[in-house]
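Residues per chain are reported as follows:
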Amino acid sequence: MNRHSVALCVNKFLKFGLEAALGELLRPGKPRHISRRRISLGAAPRLVQLSRSKLHRILTQGETRPHKVRYYVERRDPEFERKMVEVLHVYKDVEIVNAKMVEGTLKEPTTVT
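What this report covers is the structure whose coordinates are included nearby. In this numbering scheme, every chain counts its residues from 1 along its sequence in written order. The model is predicted, so local features are restricted to residues of pLDDT at least 70 and side-chain atom pairs to those at 80 or more, both for listing and for counting; the totals for chains, interfaces and linings are taken over all residues. Side-chain descriptors were evaluated using all non-hydrogen atoms of the structure, hydrogens and water having been removed beforehand.

### Some words on the overall build of the chain
Note on conventions: DSSP H or I runs of at least 4 residues are helices, E runs of at least 2 residues are strands, and numbering of each starts at the N terminus. Within the chain, the regular secondary structure consists of five helices and zero strands. In the chain, the succession of α and β elements from N to C terminus is α-α-α-α-α. Two residues qualify as a contact provided that any one of their heavy atoms is within 4.5 Å of a heavy atom in the partner residue. Put simply, of all contacts in the chain between residues at least 6 apart along the chain, 0% involve residues at least 24 apart.

And the structure:
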């Protein structure tokens, strides 16, 4: 921290007290689109109206950081397609057996799945 910043902080303390010196004073300018309370509650802001810098500040203050997620390249099983076909066949067989039991054309399934 430089000398100028320290002097500004001391002046705020002398004029407005400890809370003002540690926090920020109200500034002139455009009013907030989203209140601090809504941000802290995690309410979904209207993202269209936010600047990129404001959105970045909101995301970095939160516990979850979706902009920091790193993706990885997944190694697929070379047998994946064959295994997927087998599983889908099992599901189709179960569907057919269940339909026949509902119709009454099959009293007891030949295999238990």
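### Side note on the pattern of salt bridges
Salt bridges are defined by distance alone: a side-chain nitrogen of Lys or Arg within 4 Å of a carboxyl oxygen of Asp or Glu. Considering all chains together, one arrives at four salt bridges under this definition. Between R82 and E86 there is a salt bridge whose closest N-O contact spans 2.5 Å. Remark: E86 and R82 occur in helix α5 (residues 80-103); sequence separation between them is four residues, near one turn of the helix. The exposure class assigned to R82 is partly exposed, which follows from its relative accessible area of 42%. Across the salt bridge formed by E95 and K92, the nearest N and O atoms sit 3.7 Å from each other. Of the two residues, E95 and K92 are both situated in helix α5; the distance of three residues between them amounts to about one turn of the helix. Only protein chains enter the accessibility calculation, which uses a 1.4 Å probe; a residue whose area is less than 20% of its type maximum is buried, one above 50% is exposed, and one in between is partly exposed.

### A word on the environment of M101
For M101, the position within the fold is in helix α5. Among the residues examined, M101 registers a relative accessible area of 36% and is labelled partly exposed. Excluding residues that lie within four positions of it along the chain, M101 makes contacts with L106, K107 and P109.

### Considering a nonpolar patch on the surface
Only residues above 30% relative accessible area that lack a salt bridge enter a patch, with like-charged residues linked at up to 9 Å and the nonpolar side chains Val, Leu, Ile, Met, Phe, Trp and Tyr linked at up to 5 Å. Here the open area of atoms and residues is found with the Shrake-Rupley method and a 1.4 Å probe, where only the protein chains shown may cover a residue. Taken together, the side chains of M1, V6, V10, F13, L14, L18 and L22 make up a nonpolar region of the molecular surface, amounting to roughly 800 Å² of accessible area. Listed by contribution, the elements that provide at least two residues to the nonpolar patch are α1 (3-16) and α2 (18-22). A per-element tally of the nonpolar patch places α1 first, with four residues.

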